[in-house]
Amino acid sequence: MNALDSILVLADRASEAQAALRKASVMARHFKASIELFACDTDHAWAIDDPSPAARTAISTCLGGTERYLDALRGSVAGNDLQITTRAACANSMEEGIESRIRALHPDLVIKTLMAVSDTTPMPPRALEMQLMRGCAVPLLVTRGRSWRPSTKFAAAIELDNHDPKLIASLIESVQFLAQGCGGEHLLVPGRSVDEVQNFVERNQVDVLVIGGPRAGSWRGPEPSTTERLLSVVECDVLIVPCSVTPSKTVVSLS
C-alpha cells in the first residue's frame, strides 16, 4: 500500500457503520482522500433478473430506501471538509456486491466494522466477514470502533503465518506509509504465533495491526485460520493486505 486517494466504507446495517465512517474520516483528512459509503441489499436478489413490473418496482424501492439510509449516515459527519459520496446496490450475495463495487471504484482502502460482544470484547469474525477478508482485492481495514491515540501506532506482523518475501515487503511498505501519513509511528512485530502477536499489540498499545491476507484454503480446515484466531483476541483495528485477487460479479446499483 503506497497510495490513499479513495476509501470505500461498507455501510451494512447489520454492523455499526458509523464506527467505520469515523475511521475513514480520520484517514481521509490525513491523506486528502475521498470516501464512498456503500450498502448492498440482498433481500431482493430474486428481482434482479426478473423483468416484470413488480420486480422492477421492488428493486427501485429497495435502492431508494438504502440510499436514504446512506444519506442519513453521511449527514452524521460533522464538518464540510470531506468529500463523501454514496452508492446503493442490490446483488445476489453480499460478496458479489462488494467485489463488483471494488472493481468499479478501484478504492485504495476498504473499511468495515466488525461485530463485538462489547466495546472491549472481540468475537470471532462471522462467515460473511471471513469471506470478505479472503476475497477483498485491496487492503481491508476492519475495526471495532476503538479510538486511535493522537500519535497512532501501526505495527506489521511480518513473521505471522510464514509470509513470502513479496508480501512481507508489502506489509512493511504499508505500515511505513500509513504511519508517515497519519503522523504516527510504525513498528515491526517479532512473533510467529497469535499469542506472541497479541502480547506485542497489548504491550505496545498498538492502534492498527497490519497483517497479510489469508492464504487460499486457509478457511477450509477443521481448525480456525490464523486470521480468524487473531481477530478473536486482539482489540485493535486490523489492516489486512491481500495475497490474491478474486474476480467480480454483476450487480444492480443506484447511480
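Model, not experiment: these values are computed from the prediction.

Brief notes about the overall build of the chain
Counting its regular elements, the chain contains 7 helices and 10 strands. Every one of the 255 residues in the chain was classed for burial, and the buried ones make up 52%. Expressed as a percentage of contacts within the chain between residues at least 6 apart in sequence, the contacts between residues at least 24 apart total 79%.

Description of the nonpolar core
Leu 4, Ile 7, Met 27 and Leu 178 are the most contacted members of the largest nonpolar core, which totals 48 residues. Excluding residues that lie within four positions of it along the chain, Met 27 makes contacts with Leu 4, Ile 7, Leu 109, Leu 141, Trp 148 and Leu 178. Among the nonpolar cores identified, the runner-up in size contains 34 residues, and Ile 102, Val 189, Val 234 and Val 238 belong to it.

Description of the pairing of strand E1 (residues 6–10)
With 5 of its 5 residues buried, E1 lies for the most part within the structure. Residues of E1 alternate between two faces, with Ser 6, Leu 8 and Leu 10 on one and Ile 7 and Val 9 on the opposite face, all of them buried. Examined bridge by bridge, E1 and strand E2 (residues 34–41) share 5 bridges and lie parallel to one another. Across the sheet, Leu 10 pairs through a bridge with Phe 38, a residue of E2. Both E1 and strand E4 (residues 109–113) contribute to a ladder of 3 bridges, which runs parallel. When the sheet's bridge partners are listed, Val 9 is paired in E4 with Ile 111.

Section: helix H3 (residues 94–105)
Because an α-helix completes one turn every 3.6 residues, residues spaced three or four positions apart along the sequence face the same direction. With 12 residues, H3 extends 16 Å between its outermost C-alpha atoms, agreeing within 8% with the 16 Å of an ideal straight helix rising 1.5 Å per residue. Three or more residues of H3 are buried, namely Glu 96, Gly 97, Ile 98, Glu 99, Ser 100, Arg 101 and Ile 102. Tucked inside the fold, the buried residues of H3 contact E1, E2, strand E3 (84–90), E4 and helix H4 (127–135). Where H3 ends, the next residue or the one after it, His 106, has phi of about 55°, a positive value.

A short note on the packing of aromatic side chains
Under the definition given, this model contains 2 aromatic pairs. On the numbers, 6.0 Å between centres and 70° between planes, the contact of Trp 148 with Phe 154 is edge-to-face. The same class applies to Trp 148 and to Phe 154, which are both buried.

Structural notes on the pairing of strand E5 (residues 140–143)
Side-chain alternation along E5 places Leu 140 and Val 142 on one buried face and Leu 141 and Thr 143 on a second face that is also buried. As paired elements, E4 and E5 share 4 bridges and run parallel to each other. Each residue of the ladder has a partner; that of Thr 113, found in E5, is Thr 143.

Examining the state of the cysteines
Taken as a whole and assessed by the stated rule, the structure comprises 0 disulfides. With no disulfide partner, Cys 40 has as its closest neighbouring cysteine sulfur the one in Cys 90, 6.7 Å distant.

A closer look at the pattern of salt bridges
Per the stated rule, a full pass over the model turns up 8 salt bridges. Notably, a salt bridge pairs Asp 237 with Lys 23, separated by 2.5 Å at the nearest N-O pair. Highlighted residues: Asp 237 in strand E9 (residues 237–241) and Lys 23 in helix H1 (residues 17–31), separated in sequence by 214 residues. Taking the relative accessible area as the measure of exposure, Lys 23 reaches 6% and is therefore buried.

Some thoughts on the layout of surface pockets
In this structure, the largest pocket encloses a volume near 470 Å³. If you go around the largest pocket, you meet 25 residues; those closest to its centre are Asp 12, Arg 13, Cys 40, Met 94 and Leu 128. Going through the elements one at a time, E2, helix H2 (53–75), H3 and H4 are the ones with two or more residues in the lining of the largest pocket. In terms of residues, the lining of the largest pocket owes the most to one element, H4, which gives 5 residues. Here the lining of the largest pocket is composed, by residue class, of 12 nonpolar, 4 polar and 9 charged.

Section: the side chain of Thr 143
Mapped onto the fold, Thr 143 is located in strand E5. Only 2.7 Å separates the side chain of Thr 143 from the side chain of Asp 237, close enough to count as a polar contact. Beyond its immediate stretch of four places on either side in the chain, Thr 143 contacts Ala 19, Ala 20, Lys 23, Ile 111, Lys 112, Thr 113, Leu 114 and Asp 237.

The rules behind the values
Residues numbered from 1 in each chain as written. Predicted model: local features only at pLDDT ≥ 70, side-chain atom pairs only at ≥ 80, totals over all residues. Heavy atoms only, no water. Helix = DSSP H or I, 4+ residues; strand = E, 2+ residues; numbered from the N terminus. Buried < 20%, exposed > 50% of the residue type's maximum accessible area, 1.4 Å probe, protein only. Contact = heavy atoms within 4.5 Å. Core = buried A, V, L, I, M, F, W, Y, C linked by side-chain atoms within 4.5 Å. Pairing = 2+ DSSP bridges. Expected span 1.5 Å × (residues − 1). Phe/Tyr/Trp six-rings, centres within 6.5 Å; stacked < 30°, edge-to-face > 60°. Disulfide = S-S within 2.5 Å. Salt bridge = Lys/Arg side-chain N within 4 Å of Asp/Glu carboxyl O. 1 Å grid on protein atoms, 1.4 Å probe; cavity = no way out; pocket = protein on both sides within 12 Å on 5 of 7 lines; lining within 4 Å. Points joined across faces, edges and corners; volume = space filled by probe spheres on them. Nonpolar A, V, L, I, M, F, W, Y, C, P; charged D, E, K, R; others polar. Polar contact = N/O pair within 3.5 Å; in protein donor to acceptor, adjacent residues only side chain to side chain.

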